[in-house]
Amino acid sequence: MTSSSSLKIGFIGLGVMGTPMAGHLINAGHQLFLHTLGKVPAALAETSATQCTSARGVAERADIVITMLPDTPDVAAVLFGEDGVAAGLAHGGKGKLVIDMSSISPVETQDFARRIEALGADYLDAPVSGGDVGARNATLSIMCGGKPEVFERARPVLAVMGKNITRVGGSGDGQSCKVANQIVVALTIQAVAEGLLFAARAGADPARVREALLGGLASSRILEVLGERMVARTVEPGFRIALHQKDLNLALGAARQLGLALPGTAGAQQLFSACVAQGGAAWDHSGMVRALETLSQFKIGDKPA
């Protein structure tokens, strides 16, 4: 049942992140129109949400369309492909709103915004940080790029899925912020992995080291969540290495265009590549530690000789 304040919201992309995000919107009383590759997850199929056979069908029915997709080409295909969102906005799209919560190219995002706005709709890029835990707990950080009035219109919807919601600037600036976020996250994962590996090889209990570090300046969300995964030696995603690689490719490609040197980012990307070479593209990004373990011929769970 929907409330008097219910909105008609379309949600496209129901993966590890998108499924709980859409679920929060349904639980908040909004009327959802869903589309994804493959089957709609059972957790959503059993709700009041309407399943649509195409992105066009979502855009025709919803006043706000949210996309949560893996990469720039995926967003382009959903927005502008045959039976895409743009086709659904071509007639009667004036006043509707498209919110892309994927992590994609800032440059392409600016082009997407212009093309959607040319159809009479508004556009907001709103990538997220916080991973699967943040998606499930509705505590995502959301970084937005777009017009101030469009951001204010979207804010109540975004607040159902996240806590720290910031308008960074114009179209594409949310994506630039997300790229910066992924640089910091990758380098912090590397730092945590190296610290725990060092401690374990020196003979200390890595679980106790992690607990001690959480009480000092080295404390971070990555040490808390991903450090625990490293100690437990689990690589279940989470946020897949292949997706973090994609984000770092965006960073390194833009850095070349801007004439920036990002040596730490390049190094982290190489460690992710080493994981992929071991069959780890689908590992959680905390699995970076396994590349360092291979280089050191020592695993965090091993006992020093």
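Residues numbered from 1 in each chain as written. Predicted model: local features only at pLDDT ≥ 70, side-chain atom pairs only at ≥ 80, totals over all residues. Heavy atoms only, no water.

**Q** Just checking my understanding: could you explain the nonpolar core for this structure?
**A** Burial of nonpolar side chains together is a common tendency in soluble globular proteins. Phe11, Ile66, Ile99, Met101 and Leu158 are the most contacted members of the largest nonpolar core, which totals 33 residues. The element best represented in this core is helix α8 (residues 148-158), accounting for five residues. Counting 29 residues, the second-largest nonpolar core is a separate cluster that includes Ala193, Ala200, Leu271 and Leu292. (Core = buried A, V, L, I, M, F, W, Y, C linked by side-chain atoms within 4.5 Å. Buried < 20%, exposed > 50% of the residue type's maximum accessible area, 1.4 Å probe, protein only. Helix = DSSP H or I, 4+ residues; strand = E, 2+ residues; numbered from the N terminus.)

**Q** Looking at this structure, I do not really get the pairing of strand β1 (residues 8-12). What am I missing?
**A** Here is the key point about a regular strand: its side chains alternate between the two faces of the sheet. Of all the five residues making up β1, four are buried; the element is thus mostly covered by neighbouring parts of the structure. In this structure, β1 lies alongside strand β2 (residues 31-35), joined through five bridges in parallel fashion. From the neighbouring strand, Gly10 faces β2, where its bridge partner is Phe33. Chirality of the crossover, the property in question, places the unit of β1, helix α1 (residues 18-27) and β2 among those that are right-handed. The sheet contact formed by β1 and strand β4 (residues 64-67) spans four bridges and is parallel. Note that in β4 the partner of Phe11 across the bridge is Ile66. (Pairing = 2+ DSSP bridges. Right-handed = clockwise from strand over helix to strand, strands pointing away.)

**Q** What exactly am I supposed to notice about the packing of helix α9 (residues 173-201) against helix α10 (residues 206-213) here?
**A** In a packed pair of helices, the relevant descriptors are the angle between the two axes and the axis-to-axis distance. At their nearest, the axes of α9 and α10 sit 9 Å apart, and the two run at 130 degrees to each other. One finds that α9 runs oblique with respect to α10. Remark: the crossing between α9 and α10 carries right-handed chirality. Each of Leu196, Ala199 and Ala200 in α9 lies in contact with α10, whose residues at this interface are Pro206, Val209 and Arg210. Grouping the amino acids of the contact of α9 with α10 by side-chain chemistry returns five nonpolar, no polar and one charged. (Axes fitted to C-alpha atoms, helices over the stretch in contact; angles between N-to-C directions. Parallel < 35°, antiparallel > 145°, perpendicular 65-115°, else oblique. Left-handed = near helix turned anticlockwise from the far one by under 90°. Contact = heavy atoms within 4.5 Å. Nonpolar A, V, L, I, M, F, W, Y, C, P; charged D, E, K, R; others polar.)

**Q** Just to check I follow, could you spell out helix α11 (residues 221-232) for this structure?
**A** Helical geometry: 3.6 residues make up each α-helical turn, so side chains three or four residues apart lie on a common side. Spanning twelve residues, α11 covers 16 Å between terminal C-alpha atoms, matching the ideal 16 Å at 1.5 Å per step. Looking only at α11, the buried set comprises Ile222, Leu223, Val225, Leu226, Gly227, Arg229 and Met230. Turning to α11, the residues buried within the fold contact α7 (131-137), α9, α10 and α14 (288-296). Downstream of α11 by one or two residues, Arg233 has phi in the positive range, about 60 degrees. (Expected span 1.5 Å × (residues − 1).)

**Q** Would you mind going over the side chain of Asp125 with me for this structure?
**A** Its location among the elements puts Asp125 in strand β6 (residues 122-125). Despite its burial, Asp125 pairs with no opposite charge; the closest candidate is Arg167, at 9.0 Å N-O. There is a polar contact of 3.1 Å between the side chain of Asp125 and the backbone nitrogen of Gln175. Residues within four places of Asp125 in sequence aside, it is in contact with Asp100, Thr109, Met143, Cys144, Gly145, Gly146, Gly170, Ser171, Gly172, Asp173, Gly174 and Gln175. (Lys, Arg positive; Asp, Glu negative; His and termini not counted. Salt bridge = Lys/Arg side-chain N within 4 Å of Asp/Glu carboxyl O. Polar contact = N/O pair within 3.5 Å; in protein donor to acceptor, adjacent residues only side chain to side chain.)

**Q** What is the right way to read the packing of aromatic side chains from this model?
**A** Counted according to the given criterion, the structure contains one aromatic pair. Seen in terms of ring centroids, Phe80 and Phe112 are 5.6 Å apart; in terms of plane orientation they differ by 50 degrees. Their pairing is tilted. Placement of the pair is Phe80 in helix α4 (residues 72-80) and Phe112 in helix α6 (residues 106-117), with a sequence separation of 32 residues. Take Phe80: its relative accessible area is 21%, and that puts it in the partly exposed class. Its relative accessible area of 2% is what places Phe112 among the buried residues. (Phe/Tyr/Trp six-rings, centres within 6.5 Å; stacked < 30°, edge-to-face > 60°.)

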